[in-house]
Amino acid sequence: MTENKTDAPAKNFNEIKLGIVCPMANESLSAADLVRSVLDKCREFKTVRFFAVFDNACKDGTVNLLRKMQNKYPELSVVWAPENKCVVDAYIRGYREAINSGCDWILEMDAGFSHKPEQIPQFFEKMSQGYDCVFGSRFCPGGKFTDSPWHRKFISRGGTMLANILLGTKLKDMTSGFEMFTKESLQSVLDKGIRSKGHFFQTEIKTYCRKMRIAEVPIHYSSPSNNVNTGVLLDSFGQLFRLFGKRISGKL
């Protein structure tokens, strides 16, 4: 497990406002269960906000289903963002909603149970030790990457190796989501500007955090998704070498 050490004292969860950012699309079969499961893992916090971000990619009524849930779960905020042009826009909108709502810690996760709610408490434990960011890792001891095509695993491992070489990072998983930030560290990332429009944005975020107090925790990721296409790969390589250029010029 890669860590930038911190000696900060543990924090009291009851004093922290927690935000969860979860972009969603066509999740009508699992969205309600996911919200309930996630909120169940956050009971130690006095104030919790779950930001479910939707845009025009949602075609199956999930957004209306969660709007009805808000009557029973006041912690749930349904964010409608039709202006989004890509999935990265959905994440950024969720980040900004959480920061603007005054959340102290912000957890980002995927919908559809590809990220497991039962693994959330380990993020809280690490953050309470004073870390700025905690990243979920499929490749550190205890991590798993299952139910995905072999080429996605190859791309993730290869992308991690290449990013660490070119960008000076030292994480065992540079391409995963499921991560947590203090509002200050996430605001710093947003201030630098996320340029990627594809999956590489997760690597871009981790690169901007590399000098902060960071840690990795093992996660079990499972998804049958096969959506790594040529456009995504071209964006990834373009952004990787853009960041490498900034690093060698001392601007990163």
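See above for the structure.
All values reported here derive from a predicted model rather than from experimental measurement.

K.L.:
If you had to explain the nonpolar core to someone new, which residues and values would you point to?
P.N.:
Core analysis: the biggest nonpolar cluster contains 40 residues, and Met24, Phe50 and Leu66 have the highest contact counts within it. Taken together, the elements giving at least two residues each to this core come down to strand E1 (17–23), helix H1 (31–40), strand E2 (47–54), helix H2 (62–69), strand E3 (76–80), strand E4 (105–108), helix H4 (120–127) and strand E8 (214–218). Of the residues forming this core, the biggest block, six residues, is contributed by H1. Among all residues touching methionine 24, those that are not within four sequence positions of it are Ala31, Leu34, Val35, Phe50, Ala52, Val53, Phe54, Leu66 and Ala111. Ranked by size, the runner-up nonpolar core spans 36 residues in total, among them Phe51, Ile92, Phe135 and Leu190.

K.L.:
Before we move on, could you go through the pattern of salt bridges and cite the residues and values that matter?
P.N.:
Taken as a whole and assessed by the stated rule, the structure comprises ten salt bridges. Here aspartate 33 and arginine 36 are joined by a salt bridge, their closest N and O atoms 2.7 Å apart. Of this pair, aspartate 33 and arginine 36 both sit in helix H1, three residues apart, which is roughly one turn of that helix. Overall, the relative accessible area of 39% leaves aspartate 33 in the partly exposed class. Arginine 36 sits in the partly exposed class, given a relative accessible area of 37%. With a closest N to O distance of 4.0 Å, lysine 197 and aspartate 89 form a salt bridge. Remark: aspartate 89 occurs in helix H3 (residues 87–100) and lysine 197 occurs in the loop between helix H6 (183–192) and helix H7 (201–208); sequence separation between them is 108 residues.

K.L.:
Give me the lowdown on the sheet that holds E8, citing residues and values where you can.
P.N.:
Across the sheet, which stays open at both edges, the seven strands sit in the order E3-E2-E1-E4-E7-E5-E8 with mixed pairing between neighbours. With one partner strand each, in any of the chains shown, E3 and E8 form the two edges of the open sheet. Going across the sheet, the axis of each strand differs from the next one's by a mean of 20°, ignoring polarity. Where E2 and E3 come together, five bridges link them in parallel fashion. Among the inter-strand pairings, phenylalanine 54 is bridged to a residue of E3, identified as tryptophan 80. Packed onto the sheet, H2 meets E2 and E3 and runs at close to 145° relative to E3. The strands that H3 touches are E1, E2, E3, E4 and strand E7 (179–182); relative to E1, the one it contacts most, it runs at about 165°.

K.L.:
Lay out the side chain of serine 30 with the relevant residues and their values.
P.N.:
Within the fold, serine 30 resides in the loop between E1 and H1. Under the relative-accessibility criterion, serine 30 is labelled buried at 15%. Ignoring anything within four residues of it in the chain, the contact list for serine 30 reads Gly112 and Phe113.

K.L.:
Before we move on, can you summarise the state of the cysteines with the specific residues and values?
P.N.:
Under the counting rule described, the total for this entry stands at zero disulfides. The structure places no disulfide on cysteine 22, whose sulfur is separated from the nearest cysteine sulfur, that of cysteine 42, by 12 Å. Look at cysteine 22 and you get buried, because its relative accessible area is 0%. Here cysteine 140 is not cross-linked by a disulfide; its sulfur's nearest cysteine counterpart is in cysteine 133, at 16 Å. For cysteine 140, a relative accessible area of 3% corresponds to the buried category.

K.L.:
An account of H4 is needed here, citing residue identities and associated values.
P.N.:
Regarding H4, the residues found buried are Ile120, Phe123, Phe124, Lys126 and Met127. Projected down its long axis, H4 carries its buried residues within an arc of 165°, all on one side. Looking at the buried side of H4, the elements it contacts are E1, H1, E4, strand E5 (133–137), E7 and E8.

Conventions and cut-offs
- Per chain, residues are indexed from 1 in the order of the written sequence.
- Where totals are concerned, whole chains, interfaces and linings use all residues; where local detail is concerned, this predicted model gives features only for residues with pLDDT of at least 70, and gives and counts side-chain atom pairs only at 80 or more.
- Each side-chain value is worked out from all heavy atoms of the structure, with water and hydrogens disregarded.
- In this text, buried Ala, Val, Leu, Ile, Met, Phe, Trp, Tyr and Cys residues form a nonpolar core when linked through side-chain atoms within 4.5 Å.
- Think of it in three bands: residues with accessible area under 20% of the maximum for their type are buried, residues over 50% are exposed, and the middle band is partly exposed, with areas taken using a 1.4 Å probe on protein chains only.
- Strands are runs of DSSP state E lasting at least 2 residues, helices are runs of H or I lasting at least 4, and numbering of each runs from the N terminus.
- When checking whether two residues touch, look at their non-hydrogen atoms; a contact exists if any pair is within 4.5 Å.
- Whenever a carboxyl oxygen of Asp or Glu lies within 4 Å of a side-chain nitrogen of Lys or Arg, that contact is scored as a salt bridge.
- Only strands joined by at least two bridges in the DSSP assignment are considered to pair.
- Here, axes are lines fitted to C-alpha atoms. For helices the fit covers the stretch in contact, and angles between N-to-C directions go from 0 to 180 degrees.
- What counts as a disulfide here is a pair of cysteine sulfur atoms lying within 2.5 Å.
- Each direction from the helix axis to a C-beta atom contributes to the arc, which is the arc of those directions.

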